[in-house]
Amino acid sequence: SSSETKALFERHKPTHVIHLAAMVGGLFKNIRSNLDFWRTNIHINDNVLHSAHESGVQKVVSCLSTCIFPDKTTYPIDETMVRIPIPTQNPGKVPALLNSLPRRSQIHNGPPHSSNFGYSYAKRMIDIQNRGYSEQHGRRFTAVIPTNVFGPHDNFNIEDGHVLPGLIHKVYLAKQSGSALTVWGTGKPRRQFIYSLDLARLFLWVLREYDEVEPIILSVGEEDEVSIREAAEAIAEAMEFRGELVFDTTKSDGQFKKTASNAKLRRYLPEFQFTPFREGEME
């Protein structure tokens, strides 16, 4: 609640905040509860950012997600600013118009995928709030956009968790029962997975060194993108599962791909070493 958040800030008096509080879940939890994701996250974000502002916090780094980008877009997605399109009946005047129009991030350049619109729109609003606090109050509030995160202490709930911990749990159960490993969907969608300890190191860098209000994508390279099938096979191999792999195509695939560019991050940190996917899953 607003009062509880305000009391927390008054008690601890932080100077810097990494804002990770959120209602989160995997594809199927989002499909079931889009309204809940919208309402809960809108309230959380407003409570945290406004309390940070009122408490005089020097810097806030919030966490977005690549799922907030438009479903229909060009790949790879990035932090590029694009012109706001305005319809015109005089095409000859379009170039002159474009030069005078405001700009917006690619984040806001179309609706997100329908499977998680509640979460996506709520997270997009953090970018709006950051800009508002910067322009109106001079606050140093920014955000990062990680790709799919995995690592120790994840949520391994099959119904509500994200894809990798859910697959790990499924492989464990399949080994225990001697049954086939059933993967929901076709296995064709593609994802970039970032190891949680790599992400933690990057969060600290953003907190200390990154001074833009514009969000920054934190991701492995485009070449490290893997399909859900490849991820399932890698987990099965790591856990020494020798059974059959079955794909339940009656289940939704969700968004097919969200390929993100880490070019901006590489301009800042060209030597940063990411943990390889197979090495991370072994840990």
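Quick caveat: nothing in here was measured; it's all calculated off a predicted structure.

Undergrad: Whenever I open this one, the nonpolar core confuses me. Can you help?
TA: One recurring pattern in soluble globular proteins: nonpolar side chains tend to sit buried together. Counting 23 residues, the largest nonpolar core has V60, L64 and F69 as its most contacted members. Looking at this core, the elements with two or more residues in it are α3 (34-54), α5 (117-137) and β5 (140-146). When residues in this core are grouped by element, the largest group, four residues, is from α3. Those residues in contact with F69 that sit more than four places away from it in its chain are I77, D78, Q106, I107, P112, R124, I145 and I217. One finds F150, L167, A174 and V183 within the second-largest nonpolar core, a separate group that totals 19 residues.

Undergrad: Honestly, the packing of helix α6 (residues 163-177) against helix α8 (residues 228-238) in this entry has me stumped. Any pointers?
TA: Packed helices, taken two at a time, are described by their axes: the angle between them and the distance between them. Interaxial distance between α6 and α8 falls to 10 Å at its minimum, and their mutual angle equals 45°. Taken together, the axes of α6 and α8 are oblique relative to one another. As α6 runs across α8, the sense of the crossing is right-handed. Facing V163, L164, L167, I168 and V171 of α6, the residues of α8 in contact are I228, A231, A232 and I235. Tallied by class, the residues present in the contact of α6 with α8 amount to nine nonpolar, no polar and no charged.

Undergrad: Please clarify how helix α7 (residues 196-209) should be interpreted in this entry.
TA: Side chains that are three or four residues apart share a direction in an α-helix, a result of its 3.6 residues per turn. The end-to-end C-alpha distance of α7, which contains 14 residues, comes to 20 Å, matching closely the 20 Å that a straight helix rising 1.5 Å per residue would cover. Taken as a whole, α7 has its buried residues at D198, L199, L202, F203, W205, V206 and L207.

Undergrad: It is not clear to me how a nonpolar patch on the surface should be interpreted in this structure. Could you clarify?
TA: On the surface, L35, W38, F117 and Y121 cluster together into a nonpolar patch covering about 380 Å² of accessible area. Along the chain, W38 falls in helix α3.

Undergrad: Is there a simple way to think about the sheet that holds strand β1 (residues 16-19) in this case?
TA: To summarise the sheet geometry, strands pair through backbone hydrogen bonds and adopt either a parallel or an antiparallel arrangement. Read across the open sheet, the four strands follow the order β1-β2-β5-β10; overall the sheet is parallel. If you trace the sheet from one side to the other, it starts and ends with β1 and β10 (216-218), each paired once. The average angle at which neighbouring strand axes cross in this sheet is 25°, direction not considered. Bridging between β5 and β10 involves three bridges; their strand directions are parallel. Within β10, the residue paired with I145 across the bridge is I217. Against the sheet, α5 engages β1, β2 (59-63) and β5, with an angle of about 155° to β5.

Undergrad: Can you walk me through α6 in this structure?
TA: Here α6 contains 15 residues, and its C-alpha end-to-end distance of 21 Å stays within 8% of the 21 Å for a straight helix at 1.5 Å per residue. For α6, every residue scored as buried is listed here: L164, P165, G166, L167, K170, V171 and A174. Elements that come into contact with the buried residues of α6 comprise β6 (148-150), β7 (181-184), β9 (193-195), α8 and α10 (277-282). At the exit of α6 stands G178, carrying a positive phi of roughly 75°.

Quick notes on the rules
Residues numbered from 1 in each chain as written. Predicted model: local features only at pLDDT ≥ 70, side-chain atom pairs only at ≥ 80, totals over all residues. Heavy atoms only, no water. Core = buried A, V, L, I, M, F, W, Y, C linked by side-chain atoms within 4.5 Å. Buried < 20%, exposed > 50% of the residue type's maximum accessible area, 1.4 Å probe, protein only. Helix = DSSP H or I, 4+ residues; strand = E, 2+ residues; numbered from the N terminus. Contact = heavy atoms within 4.5 Å. Axes fitted to C-alpha atoms, helices over the stretch in contact; angles between N-to-C directions. Parallel < 35°, antiparallel > 145°, perpendicular 65-115°, else oblique. Left-handed = near helix turned anticlockwise from the far one by under 90°. Nonpolar A, V, L, I, M, F, W, Y, C, P; charged D, E, K, R; others polar. Expected span 1.5 Å × (residues − 1). Patch = residues over 30% accessible without salt bridge, like charges linked within 9 Å, V, L, I, M, F, W, Y side chains within 5 Å. Areas by Shrake-Rupley, 256 points an atom, 1.4 Å probe, with all protein chains shown as cover. Salt bridge = Lys/Arg side-chain N within 4 Å of Asp/Glu carboxyl O. Pairing = 2+ DSSP bridges.

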